[in-house]
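If you want the building blocks of each chain, they are given just below.
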Amino acid sequence: MSNQPSEKRDTFASSLGILLAMTGSAVGLGNLWRFPYLVGENGGAAFILVYLLFVVFICLPIMMCEFILGRRSQANAFGAFKKLAPGTPWKHVGMLSVLAAAFILSFYSVVGGWSIKYLVMACGLKFTSPEGILSETMFNSFVTSTWPPIIYTLIFLACSGIIIVAGVKNGIEKFTKSLMPVLFVLMVILAVRSMTLPGSGEGVRYLFKPDFSKFTAASGIAALGQAFFSLSLGCGTILTYASYVSRSENIVKCSAQTTLLDTLFALIAGCAIMPAVFAYGISPGQGPGLVFVTLPAIFSELPAGGFAAIIFFVSLFLAALTSAISLLEVVIAFLIEECKLRRPTAVAVSMSVFVVLAVLCSLSQGVLSHVKIFSLNIFDLFDYVSANVLMTFGALFAVIFVGHKLKREDIEDELSSGGRYRLPKGFASALYFIIRWAAPVVIIGLLVAGLIS
Ligand code: PFF
C-alpha cells in the first residue's frame, strides 16, 4: 500500500475491550442528557418505541457498514475510502467524518466541562439543600461567564488527550474496560433510587406507556437524529475503532451488542431521571436544562441527594469522556496515517486546534453570544452542522459505498469474518436490501427534514 503509517498500527487486545470501547463511544451525553429530555418532550414511550425501530432497522445496519469499512481497510476514516476505492474521489467522503468528529468534539468538550463543574459542586455537597432551586440562575450565570467554563472545558480536553496519547490498547481499551462497568453500576444505583421514590410510578408509566397524541412528525425526525448521535454514526468513530479490530472478531455480534448496550444505557438513564422528575411534580418536557437545572433541584430535596448527585455527575463525566476519546481518535488516526505524525505530536497538534474551537464554543454562550452565523451562535452552529449535515452525509456515503461500491461477496466475507461465523439464513439478503435502499432513503429523508427545519 502506498500510504504506510509512520508507526506500527495499534490494535485492541480483547473482544471485551472492543465491545466496551465501542459502547464507551456510543454511551455519552446523548444517553444521559439528550435522550431523557427528548423522551420528555416527545410523548414518552411513543418516542422510545419509534426510536427502537430506527435503531434496529436502520442504525444497526449502518453501524455494520462502518464496521466493514474500518476492519477491511485497517485505516483511518479518510484512508479507508482511499484504500478501498483507490484513485477515486471517495476519499473526500472520509474527510466529512473527520470534520464531523472535530466539530462535535469542540462543543461536546464544553458540555463535558460543565459536567466536571457540576461534579465538583456535587462533591462540595452543593446540592444538599433547597438552594438547588436557584439552579437555573446558577447554571445560566456559570455557562455565560468567561473563564470558569473555559477552564473546565480545558480540563476535560486534557483528560481526553492524556488517554489518547497512551494509544489504543494502553489508553482507550484499558480506560473504557475499567470504567464502563463502573458507569453501568452507578446508573443502575441511580435508577433504583429514582424508581423507589414515592410518586415515581407515574414517571415509570410515562417511560413505558406510549402516548401517541404528543408524537409528531418532528418527534420522528428527532428520534432518528438521536439514534444516529447516540450510536456515534457518520463520524468515523466506529470505522476508526473497527480498523483496530482483528479479522477473527465477529462484526455482527459486536455491532448488535454495542447497539443493545447503548440502548440499555439510554433506558436506564430514562429510569434514573423521569421517575424523579415526576416524583417531584416537575414537567418532563424541560429541554436541555433537564440534567443541569432540574436534576440539581431534585437532588437538593432528595434524602441522601448529595450522594446521588455525586453518582450522577461522575456518570455524566465518565460517559462524556469515553465518547470524547473516540471522537479524538478519529482525528488522531487521520493525522498519524495521512500526515505521518507520531501519536504524541498528533495529539499536541489536534489539541491546539480543539482548544481554540472549544473556547469559541464556550464563549458563544456568553461574551460571543452576539456572533451569529445563519442566526445560530458558534456552539449551536457546530452542533447543527455536525449533527444535521456532516454526520448524516457521512453515514449516507458510508452506506452507499458499502451497498453500491463494495461487492456483495466482500460484504459477506467481512460479516462472516472470512467464513468463521455462519450468518443466519436470509440475514445477508435483508441486510443488503437495507444497506442498498432502505437506509439511504431514510437518511436522505432525515437530511431534507433537517435542512427544512
Ligand atoms: N454517542 C455519543 C453520545 O451519545 O453522547 C456522542 C458521539 C460520540 C457522537 C462519538 C458521535 C461520535 F462519533
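Note: the structure precedes this text.
The following paragraphs examine the structure supplied in this document. (Residues numbered from 1 in each chain as written. Predicted model: local features only at pLDDT ≥ 70, side-chain atom pairs only at ≥ 80, totals over all residues. Heavy atoms only, no water.)

## What to know about the pattern of salt bridges
For the coordinates displayed, the defined rule picks out twelve salt bridges. A salt bridge links R72 to D413; its shortest N-O distance comes to 3.3 Å. Placement of the pair is R72 in helix α3 (residues 45-73) and D413 in helix α17 (residues 408-415), with a sequence separation of 341 residues. Classification of D413 as partly exposed rests on a relative accessible area of 25%. Of the charged contacts in the structure, one is a salt bridge between E412 and R408, with a shortest N-O distance of 2.8 Å. Placement of the pair is E412 and R408 together in helix α17, with a separation of four residues, close to one helical turn. Judged by its relative accessible area of 27%, E412 falls in the partly exposed class. Overlapping salt bridges bring together R71, R72, R247, D410, D413 and E414 as one network. (Salt bridge = Lys/Arg side-chain N within 4 Å of Asp/Glu carboxyl O. Helix = DSSP H or I, 4+ residues; strand = E, 2+ residues; numbered from the N terminus. Buried < 20%, exposed > 50% of the residue type's maximum accessible area, 1.4 Å probe, protein only.)

## Some words on the site of the ligand
With respect to spatial proximity, 15 residues lie near the ligand, and among them A26, L29, G30, Y108 and F229 are the closest. One of the side-chain N or O atoms of N31 is found 3.3 Å from an oxygen atom in the ligand. Side-chain polar atom of Y108 to an oxygen atom of the ligand: 2.6 Å apart, as the coordinates give it. Most atoms of the ligand, that is more than half of them, are within 2 Å of grid points of the largest cavity. Taken together, the elements giving at least two residues each to the shell around the ligand come down to α1 (15-26), α2 (29-41), α10 (217-230) and α14 (305-338). Among the residues forming the shell around the ligand, the class breakdown is six nonpolar, nine polar and no charged. (Near = heavy atom within 4 Å. Polar contact = N/O pair within 3.5 Å; in protein donor to acceptor, adjacent residues only side chain to side chain. 1 Å grid on protein atoms, 1.4 Å probe; cavity = no way out; pocket = protein on both sides within 12 Å on 5 of 7 lines; lining within 4 Å. Sits in = over half its atoms within 2 Å of the grid points. Nonpolar A, V, L, I, M, F, W, Y, C, P; charged D, E, K, R; others polar.)

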